[in-house]
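Listed here are the chains, written in short residue letters.
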Amino acid sequence: MTPDNIRTVIGIIGNGTALMLYLSPVPTFYSIWKKKTVEQYSAVPYLATLLNCMIWLFYGLPVVQPHSMLIITINGIGLVIELTYIAIFLAYSVGAARRRVLLILAAEVSFVVAFAALVLNLAHTHVLRSMVVGILCVIVGTGMYAAPLSIMKMVIQTKSVEYMPLFLSLASLASGTCWTAYALIEFDLYITIPSALGVVFAVVQVILYAIYYRSTQRILEARKQQILEACKGKADLIPMTEVVVDGKNGNTTGSGASKGHC
């Protein structure tokens with residue numbers, strides 16, 4: 001098997017792992033949809049991934065880097081998926097949080113459109129276009145993989161991995177590993193740098209998950225107990241304010257503890 005064939009196979013596997021990465025937040029957004037609130041979840045990783053998909057999609061176009069169908073397909077799919085996540089986030093966020101996401105989204109789209117127009121009008125060769133767009137891909141790709149750093153900081157501060165899903169970290173690790181291998185076979189610096197950094201960040205996340213998994217379980221159990229105790233205390237405080245006896249039917253109805261619930 002030739003190096004080109006090996007590279008293609010790894011690229012296909014890389015697309016599969018990247019798709020896993022894009023789909024890994026589905027449980028998170030199902031939880032958001034079910035609870036009708038974004039809680040402490042951050043939109044930053046999804047906005048960063050959206051920008052990454054838009055830039056890489058532009059990089060893979062024939063006018064910039066010919067013969068890059070694998071890059072076009074996975075980033076086109078990723079673009080649709082990330083837009084769906086952001087739409088759900090906007091639907092269940094409120095106030096300043098929603099306005100901030102909308103502003104960042106508008107800024108990202110405006111930036112990509114302006115950047116694409118400048119590149120296509122000022123750079124007239126594939127080599128120059130791929131270099132300019134590739135440098136931006138490195139910067140944005142690094143930002144996408146570094147986006148969970150804010151979540152990692154919160155994990156260390158709270159000693160809880162509740163808001164750092166393990167599957168997302170594992171999918172990021174698998175995707176970064178495949179794309180690093182893909183880029184090294186036929187060396188592509190613009191893919192190597194962000195992918196290798198993605199591997200490093202993903203490994204750190206997995207290590208943090210292993211360190212704080214048990215403390216997270218203790219925190220969740222303590223929270224559950226507090227809720228149960230609060231509900232019990234609330235039920236105990238509800239007075240028996242009204243009791244009516246129906247002499248005809250022998251039934252007793254009332255308000256207060258008999259109707260109280262947490």
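The structure under discussion appears in the preceding block.
Residues numbered from 1 in each chain as written. Predicted model: local features only at pLDDT ≥ 70, side-chain atom pairs only at ≥ 80, totals over all residues. Heavy atoms only, no water.

1. Notes on the packing of aromatic side chains
Part 1 of the argument: Tallied over the full model, the rule gives 10 aromatic pairs.
Part 2 of the argument: When the ring of Tyr-59 is compared with that of Tyr-190, the centres are 6.5 Å apart and the planes differ by 75°; the resulting orientation is edge-to-face. Pair noted here: Tyr-59 is in helix α3 (residues 44–60) and Tyr-190 is in helix α9 (residues 189–237), with a separation of 131 residues, a long-range link.
Part 3 of the argument: Under the relative-accessibility criterion, Tyr-59 is labelled buried at 2%.
Part 4 of the argument: Ring plane angle 20° and centroid distance 6.0 Å describe the contact between Phe-111 and Phe-115, whose orientation is recorded as stacked. Separated by 4 residues within a single helix, Phe-111 and Phe-115 lie in helix α5 (residues 95–122), roughly one turn from each other.
Part 5 of the argument: On the basis of relative accessible area, Phe-115 is assigned to the buried category, the value being 14%.
Part 6 of the argument: Taken together, the ring pairs connect Phe-29, Tyr-46 and Tyr-85 into an aromatic cluster.
Part 7 of the argument: Positioned above the aromatic ring of Tyr-182, the side-chain terminus of Arg-7 is 4.0 Å from the ring centre. (Phe/Tyr/Trp six-rings, centres within 6.5 Å; stacked < 30°, edge-to-face > 60°. Helix = DSSP H or I, 4+ residues; strand = E, 2+ residues; numbered from the N terminus. Buried < 20%, exposed > 50% of the residue type's maximum accessible area, 1.4 Å probe, protein only. Lys NZ or Arg CZ within 6 Å of the ring centre and 35° of its normal.)

2. Some remarks on unusual backbone geometry
Part 1 of the argument: One non-glycine residue, His-67, lies in positive phi territory at about 60°.
Part 2 of the argument: One can find His-67 in the loop between α3 and α4 (69–92).
Part 3 of the argument: Positive phi, close to 55°, is recorded for Lys-159, a residue that is not glycine.
Part 4 of the argument: Of note, Lys-159 is situated in the loop between α7 (149–158) and α8 (166–185).

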